[in-house]
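Remarks on the overall topology
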Amino acid sequence: MLSYTTSQPLTMGVELELQLLHARDGALSRGATDLIAVVHKKKALQPRITPEITESMVELNTSIHTHHDPLLTELRELRDALCEAGDKLNTAIAGGGAHPYSVWKDRRIYPTERFLHTSKLYGYLAKQFTVFGQHVHIGCPSGDAAIALTQRLAKYIPYFIALSAASPYSYGEDTSFETSRLHAVAVFPLSGHMPRLADWKEFNEYFDEMMGYGIVGSMKDFYWDIRPKPEFGTVEVRIFDTPLTVEMAAALAALVQTLSSRLMKQTDALPGVATYRVYGYNRFQACRFGYDAMLIDPQTKESFHLGESLATLLQSLMPEAAELGNLKPMMYLQDLASAQQNGASWMRAMHAQTGTLEEVMRLQAALFRQSSQSDATMDATKKVAASA
Amino acid sequence: VNTFINFFDFETVQSALTALLSSIATWPPSVSLGLALMLGALAGEVAHRLHAARIYGYWLAGAACASAFALMAPSDAQSSAPLMQRFAWVFDIALGWLLVEAGRRLDVQWLLRNPALAVTAVLEWLLAAAGVSAALMVMAVPWPHALLAGVVLAHASPVLVHSISASLRAEGQVAERAMHLSATGIVLTAVALPVALTMAQTHAQAAAVSAGVVAPLSVLSMAQPLTDALAALAVGALLGALVRWISEPTRNVSALRSAPPDINTKALTGAAADKKASARKRRARGTFMLRGPTLAGGVCLMVGLAQWWGLPALLGCVALGWAARSRRYSSHSEPDDRMLSSVGTLALVLVFMVAGAALPWNAWWQHGLSEEVFLAATGMLFARLAMKVIAIGLTGSWSGLRLKQSIALALALQPTSVTGVVFWMAALTAFAAWNPLASQAVALALLLGDVLMPALLSWLLRVIGEAGEPHIELQTTNSARTRVIDTELAGAARI
């Protein structure tokens, strides 16, 4: 039986998986061990910057926050510490969901017991899993609340995909998808969505059954898009591609917090079977077409435009955003959605301007380490919001 | 039986081989070159089968050929020297190509971002030169002669470091820094060698006039080599920029790099749909194909112009490679990259064969090695190693290295092969009065380095964990199987 650690509702934390690049040419490097050794000279950073499954990635973990601004400040501090250490090692740090031209056979598993076990079990899939996501944790007061939130968030997955998509290239080619990262996740047997479960008790029965089969050993073995995280007392949204900037990462966390604030107040029935029947199709549409996806509404059985409905959703969330102090990031996301821009469109635009993916990666690293422009844009948005 | 014995009569065999070796110089150059390449490739494959670096095979093939000449045709007229001279231009271009490869990996921005690394680059070179010079001066070699040896042996060979790293698919701080420090080291040696030669020549002239009086150095005589070095760097950089301009599609990205547009910049909307975008992409694909020929042309031009204008070609080639830049990502997919890789291997075979053949085998076979020369050579190698350990140990932590990596980097900077031979030959040619003990000790140190260092470097990169995985670790058995079967057996036992 899993025990659920109670946490303060709507607190949030962010995990960002980041790409480690050769600063010279933008190719993925194998520098995680060296980078972590330099970063961990500062003891405060030891739990904040941790290894991931291959040597080409690191994970950045924030502490627990209640508001967007301190979260962003911490993300910037962690990013600066990481970039400073990277400068010593000629390692550039970049966001983005997948490296556009890396080859899985050149990756190397980070030598921890868990990662080596994963590599043994999954073979080449473990190296191919060198993809980069953002995980947002939202605090939930109880296991039942966590299960309910996990299920209620499921239908918003396409919006999350469209906003964060930042992996349009794979093996040096444009995939025509907005995000190709999710294909690397989808091949794992326990990926996709959590089964439809009524409450924490039912979840525990399911977990015990899977444990009994020997299929899972812990919650980490579930690669679901959204999963409860009982040891933290949170729901973890794992669908996002790592955004190209920490400002965008903080804005996405604010969106999940705002949306969760609304969903936690709902007392109606949990999403029915029909929601899960269209889940895979809607998810595919968002991965493939981004803002231009046509989603299926399982209730009305009609299709609707993702971009248009996202604009409506963001506008409708403004009262909750104002309560949580999230107006600034939400308006930033509104700007992006109205212009139909995300990391994928940025990468394609940079590729169009420079002609090479190598140059795109170098620009991506340069964009990640600078925050002034995003900050200025967001501040300007805030001023407009205040005057309005 | 008599015929059989006569056939293997040593004198008969020797005279037959002598005649054969003498006639090689008259063969068409392509036949000699073709045979040499086949021999080198075969020896490389044998070395590989014996789990040694292929370059051992290339080097040994060259050394064996030169030794055969030395043993069978000891007169100067019948030595391998005329044959080597015929192919000097091929060697120059091959070495130029490898130095361009080394230059392409050089990231000057890293040295600027991490000043500790730049300090390491200079310090390890200076201390190594001082250590080698001091080791010779202890053996009563005059200081300008010792200094010349110090300058020749101060650098690490970027050719060897690069080839071993590439063959092991090594990646990490030790491999990257070794490539950077060896590239900066060769620049420092190429600049310092003419200066040291001028000093040695001035000292020798003064000593001839008045024994024991150190002649004042002429500013003009020192300025000339420095001007040449700068000119070589400039020509190389210009040619590299030309190669890049022709073969790379990226234009005017410095402004983008200094301030990349934010994700929500409105201007981005139209950028991807820009009519010029598809033309740029098409051009990007097309220009890849030009990279091989333009780079080869650049190398030939650099080597030729350096000979024509009397500039240090090595320096120009490193600058050319640096300015032409690396494009790693297409290395597995683009046909021209596979071609570049083949040319690189061809160049490796050639330069290591020549490096093996260029050592003074004639003298060693005829006169042997004195104990003094052996002591001087080993003393220089130990002094060099100690100084590099000290220099990198002092700056390692500051530049972001762990202690284990610092020691490994100092060891990784020991190889001198190929470039060391080139500098040694240049010094010997320009300064015939070089102290015999110093020059012979340098040659022996190069030989010892050729024998020991490739193995040391390969071992080091494996031990430090930077060599690529030799093959995919295939887990053909099911790691979950044991647990499941145990459960079933336990269940069955209970029933």
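Residues numbered from 1 in each chain as written. Chains lettered and ligands numbered in written order. Predicted model: local features only at pLDDT ≥ 70, side-chain atom pairs only at ≥ 80, totals over all residues. Heavy atoms only, no water.

**Some remarks on the pattern of salt bridges**
Residues and elements named next belong to chain A. Counted under the stated rule, the structure contains 28 salt bridges over all chains. Here aspartate 69 ties to lysine 328 by a salt bridge, and the two come within 3.6 Å at their closest N and O atoms. Of this pair, aspartate 69 sits in helix α2 (residues 68–89) while lysine 328 is found in helix α13 (residues 327–339), placing the two residues 259 residues apart along the sequence. The partner of glutamate 178 in a salt bridge is arginine 348, with the nearest N and O atoms 2.8 Å apart. On the criterion of sequence distance, the pair formed by glutamate 178 in the loop between β7 (173–174) and α7 (181–186) and arginine 348 in helix α14 (residues 343–354) is long-range, its members being 170 residues apart. On the accessibility criterion, glutamate 178 (12% relative accessible area) is buried. Residue classification places arginine 348 among the buried positions, given a relative accessible area of 17%. The network of salt bridges with common partners includes Arg76, Arg79, Asp80 and Glu247. (Salt bridge = Lys/Arg side-chain N within 4 Å of Asp/Glu carboxyl O. Helix = DSSP H or I, 4+ residues; strand = E, 2+ residues; numbered from the N terminus. Buried < 20%, exposed > 50% of the residue type's maximum accessible area, 1.4 Å probe, protein only.)

**Focus on a nonpolar patch on the surface**
All names here are of chain A. On the surface, a cluster of nonpolar side chains totalling about 280 Å² of accessible area is made up of Tyr281, Phe284 and Phe289. When you line up the elements, phenylalanine 284 lands in helix α10 (residues 273–289). Classification of phenylalanine 284 as partly exposed rests on a relative accessible area of 36%. (Patch = residues over 30% accessible without salt bridge, like charges linked within 9 Å, V, L, I, M, F, W, Y side chains within 5 Å. Areas by Shrake-Rupley, 256 points an atom, 1.4 Å probe, with all protein chains shown as cover.)

**A word on the side chain of A:Ser180**
Residue and element names in this part refer to chain A. Mapped onto the elements of the fold, serine 180 is located in the loop between β7 and α7. A relative accessible area of 11% places serine 180 in the buried class. Here serine 180 is in contact with Ala98, Ser167, Tyr169, Ser170 and Thr175, once residues within four sequence places are set aside. (Contact = heavy atoms within 4.5 Å.)

**What about the confidence of the model for chain B?**
As a general rule, the predicted coordinates of low-pLDDT regions are not to be interpreted in detail. All names here are of chain B. Residues of chain B with pLDDT of at least 70 account for 77%, and the chain-wide mean is 82. When the elements of chain B are averaged for pLDDT, helix α24 (residues 481–494) gives the smallest value, 42, and helix α8 (residues 115–138) the largest, 96. Under a pLDDT of 50 for its full length, residues 328–333 has, in the predicted model, 18 contacts with residues more than four places off or in other chains. Every residue in residues 481–495 scores below 50 in pLDDT, and together they form 1 contact with partners more than four places removed in sequence or on other chains. Across the interfaces of the predicted complex, the ipTM metric reaches 0.83, alongside a pTM of 0.86. (pLDDT = per-residue confidence, 0-100.)

**Remarks on helix α8 (residues 200–213) of chain A**
All names here are of chain A. Given a rise of 1.5 Å per residue, 14 residues ought to cover 20 Å, and the 20 Å separating the end C-alpha atoms of α8 matches this to within 8%. Burial in α8 covers these residues: Trp200, Phe203, Asn204, Tyr206, Phe207 and Met210. Down the axis of α8, the buried side of the element spans an arc of 160 degrees, and every buried residue falls inside it. Facing away from the buried side of α8, by more than 90 degrees, are the exposed residues Lys201 and Gly212. Backbone geometry just downstream of α8 places glycine 214 in the positive-phi region, at approximately 80 degrees. (Expected span 1.5 Å × (residues − 1). Arc of directions from axis to C-beta.)

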